[in-house]
Amino acid sequence: MLDHIVSPIPTPDYDWQAADAAHHLHPFSDHKSLHQGRVRIITGGEGVYLTDDAGHRILDGMAGLWCVAVGYGRQELVDAATRQMQTLPFYNTFFKTATRPVIALADRLTAMAPGDLNHAFFASSGSEAVDTALRMARTYWITRGKPGKRIILGREYGYHGSTTLGAAAGGMVDMHRQGAVLPDFAHVMPPYWYGYGGQMSPEEFGLYAAKQIEDKIREIGAKSIAAFIGEPIQGAGGVIIPPETYWPEVQRICRENDILLIADEVITGFGRTGRMFGSETFGIAPDIMTLAKAITSGYIPLSAVLVGDRVADVLINETGEFYHGFTYSGHPVACAVALANLDILESEGLAARAEAKGARLRGKLAEALGDMPIVGEIRGVGLIGAIELTADRRTRRFFERRGRVGTICRDHCFANDLVMRAVRDTMVFSPPLTITDDEMDEMVARAARAIAATQADVR
Ligand code: PLP
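Computed from a prediction, not measured in an experiment: that's the story for all the values here. (Residues numbered from 1 in each chain as written. Predicted model: local features only at pLDDT ≥ 70, side-chain atom pairs only at ≥ 80, totals over all residues.)

**Student:** Explain the overall build of the chain residue by residue, including any values.
**Tutor:** Helix and strand counts for the chain stand at 18 helices and 15 strands. In terms of overall size, the chain behaves like a compact globule, its C-alpha atoms giving a radius of gyration of 22 Å where 459 residues would be expected to give roughly 23 Å. If one aligns the C-alpha atoms of the chain with their principal axes, the spans along those axes are about 60 × 60 × 45 Å. Counting over 459 residues, the chain shows a buried share of 48%. (Helix = DSSP H or I, 4+ residues; strand = E, 2+ residues; numbered from the N terminus. Rg over C-alpha atoms; globule rule 2.2 N^0.38 Å. Buried ≥ 20, exposed ≤ 12 C-beta atoms within 10 Å, placed from the backbone.)

Pasting the structure below:
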């Protein structure tokens, strides 16, 4: 009903829970179990805190979905959107047109980016950015007269979005089982030392995991492979932080086999790892980079694909028309918000801040949780990190029925007014980069209560 749409509170007795259950399909949700409980309805946000309709003040240890880098309630972003909406709320970038915000953003992003990523394409979501990157990689090889180079190499537990191409490139088997399986995709093991490292040191294991890529390339044949796609840190897969030896070796393997390297920086872009881009933190020189989320701090949907000179030269000078684009490619309001967001990131030095704050946070977590038998590892880079919950910290043994303990812990976090996400039995966090020391101490205290309660439940 229209009054339900235009008014934030239609009537005092409007049943939000019933309406949600009856009409709203949520992403990544088991609706049957969802409707057995209450949906948490978020009503506001300020800094690192959210409020819900039950009056809770919740510390958002996930920055939304890894995106609200500058925190909630930033008037600068509201003002940028308002000004642009008043001037020009929409125009497309097809058919020989552009708007000033999209040009300014392309210029600024490519100046910020490492290496020769001198060209930017825009879309609205990380998934669309990944789709675009994969289409570009294949088009590059087709243009160069090597149409057989089609296969995209990804990793188990990789997450590259929810479009069919992105889900096929990712390594989430549950998504594959629901139809997201396409020909010309292959996967290798992730550089997940805690889970798969066995007796190897992290450094040895980094080389071992990279070698799996080399072996896979031998098996398939480099002449059939277009690109390797990887997140510098696998976020949704459980904040899998590769050992230092991994990325330089992956870079070498891709170069030697003439395989394009796509860095999916949808989570790691814009300061999260302590540098502006995860590629800088890990010494990666990608041919193509995908960005989204913190590009606008999530205030409005926007994503970007940055393309290096080698690929761009072919696409620009030889391909002719690239038959690809979205109505909202380079949306002027989203680009204006991104520019204001980059102003904040730079003027407040949030990338460097993430490095310092992240080190402090891990120190505090180690103090508070380090002796708990259920805590196997606390890891992180900048302000992204994970706490492994384990059945045996000495042997790094996983719990049986993986995911059960993580879900219990996630619920205890909620009960303690803290958002942390569970990936299997790994608790992951990525708070706004603006988090203060006091807020971090509060986050640690809440996490400690939640994990102690989980330990009491499962032991
Ligand atoms: N790539 C990575 C690395 C991501 O983490 C995500 C989302 O979490 C995506 C792509 C997809 O982004 P979106 O949900 O905006 O489509």
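Picking up where we left off.
**Student:** Please set out the sheet that holds strand 6 (residues 185–188) residue by residue, giving values where relevant.
**Tutor:** Pairing is mixed in the open sheet, where 7 strands are placed in the order 4-10-9-8-7-5-6. One side of each edge strand has no neighbouring strand; the edge strands of this open sheet are strand 4 (117–123) and strand 6. When strand polarity is set aside, the average angle formed by the axes of neighbouring strands in this sheet is 20°. With 4 bridges connecting them, strand 7 (residues 225–230) and strand 8 (residues 260–264) associate as parallel partners. Pairing of Ile229 across the sheet is with Ile262, part of strand 8. Across the sheet, helix 6 (residues 100–112) touches strand 4 and strand 10 (303–308), and the angle it forms with strand 4 is around 135°. Packing against the sheet, helix 7 (residues 126–143) makes contact with strand 4, strand 5 (151–155), strand 7, strand 8, strand 9 (288–291) and strand 10, and its axis sits at approximately 25° to strand 10. (Pairing = 2+ DSSP bridges. Axes fitted to C-alpha atoms, helices over the stretch in contact; angles between N-to-C directions. Contact = placed C-beta atoms within 7 Å.)

**Student:** Tell me what's going on with the nonpolar core, and back it up with residues and numbers.
**Tutor:** Ile288 and Leu306 are the most contacted members of the largest nonpolar core, which totals 133 residues. With 10 residues, the top contributor of residues to this core is helix 15 (residues 332–347). (Core = buried A, V, L, I, M, F, W, Y, C linked by C-beta atoms within 7 Å.)

**Student:** Go over the sheet that holds strand 3 (residues 57–60) with me, naming the residues and quoting the values.
**Tutor:** Read across the open sheet, the 4 strands follow the order 1-2-3-13; overall the sheet is mixed. Edge strands, defined here as strands with exactly one partner in the open sheet, are strand 1 (42–46) and strand 13 (418–419). With 3 bridges connecting them, strand 2 (residues 49–52) and strand 3 associate as antiparallel partners. Along strand 3, the bridge assignment pairs Thr51 with Arg57.

**Student:** How would you sum up the site of the ligand? Please name residues and give values.
**Tutor:** Every one of the 15 residues lining the ligand counts as a neighbour, but Ser125, Gly126, Ser127, Gly161 and Val266 are closest to it. Broken down by element, the residue count for the shell around the ligand peaks at 3 residues, all from helix 7. For the shell around the ligand, a count of residues per class yields 6 nonpolar, 7 polar and 2 charged. (Near = placed C-beta within 6 Å. Nonpolar A, V, L, I, M, F, W, Y, C, P; charged D, E, K, R; others polar.)

**Student:** Let's hear about unusual backbone geometry: which residues, and what values?
**Tutor:** Positive phi, close to 55°, is recorded for Asp258, a residue that is not glycine. Within the secondary structure layout, Asp258 lies in the loop between helix 12 (246–256) and strand 8. Note on Asp258: 12 C-beta atoms within 10 Å, which makes it exposed. Despite not being glycine, Lys293 shows a phi value in the positive range, around 40°. The exposure class of Lys293 is buried, given the 28 C-beta atoms found within 10 Å.

**Student:** Run through the pairing of strand 5, naming residues and quoting values.
**Tutor:** Both faces of the sheet carry side chains from a regular strand, because those side chains alternate between them. With respect to burial, strand 5 is a largely interior element, 5 of its 5 residues being buried. Across the two faces of strand 5 the burial is the same, with Ile151, Leu153 and Arg155 and Ile152 and Gly154 all buried. Of the pairings in the sheet, the one linking strand 5 to strand 7 comprises 3 bridges and is parallel in character. Residue Ile152 lies in a different strand from strand 7, and its bridge partner there is Ala227.

**Student:** Explain the pairing of strand 2 to me, and be specific about the residues and the numbers.
**Tutor:** Note that strand 1 and strand 2 share 4 bridges and pair antiparallel. The residue of strand 2 that forms the bridge with Gly44 is Thr51. Between strand 1 and strand 2, which pair antiparallel one after the other, the connecting turn spans 2 residues, and Gly47 there sits at a positive phi close to 65°.

**Student:** Requested: an account of helix 6, with residues and values cited.
**Tutor:** In this model, helix 6 (13 residues) spans 18 Å end to end at C-alpha, consistent with the 18 Å of a helix rising 1.5 Å per residue. Of the residues making up helix 6, those classed as buried are Pro101, Val102, Leu105, Ala106 and Leu109. Projection of helix 6 onto a plane perpendicular to its axis shows the buried side chains occupying an angular sector of 130°, all on one side. Summarising the geometry of helix 6, the exposed residues directed more than 90 degrees from the buried face are Asp107 and Ala111. Looking at the buried side of helix 6, the elements it contacts are helix 5 (75–87), strand 4, strand 10 and helix 15. (Expected span 1.5 Å × (residues − 1). Arc of directions from axis to C-beta.)

**Student:** Outline helix 11 (residues 202–220), supporting the account with residue identities and numerical values.
**Tutor:** For helix 11, spanning 19 residues, the distance from its first C-alpha to its last is 27 Å, which sits close to the expected 27 Å at 1.5 Å a residue. Taken together, the buried positions of helix 11 are Phe205, Gly206, Tyr208, Ala209, Ala210, Ile213 and Ile217. Contacts from the buried residues of helix 11 go to strand 5, strand 6, helix 10 (193–196), strand 7 and helix 12. Downstream of helix 11 by a residue or two, Gly221 has a phi angle that is positive, lying close to 100°.

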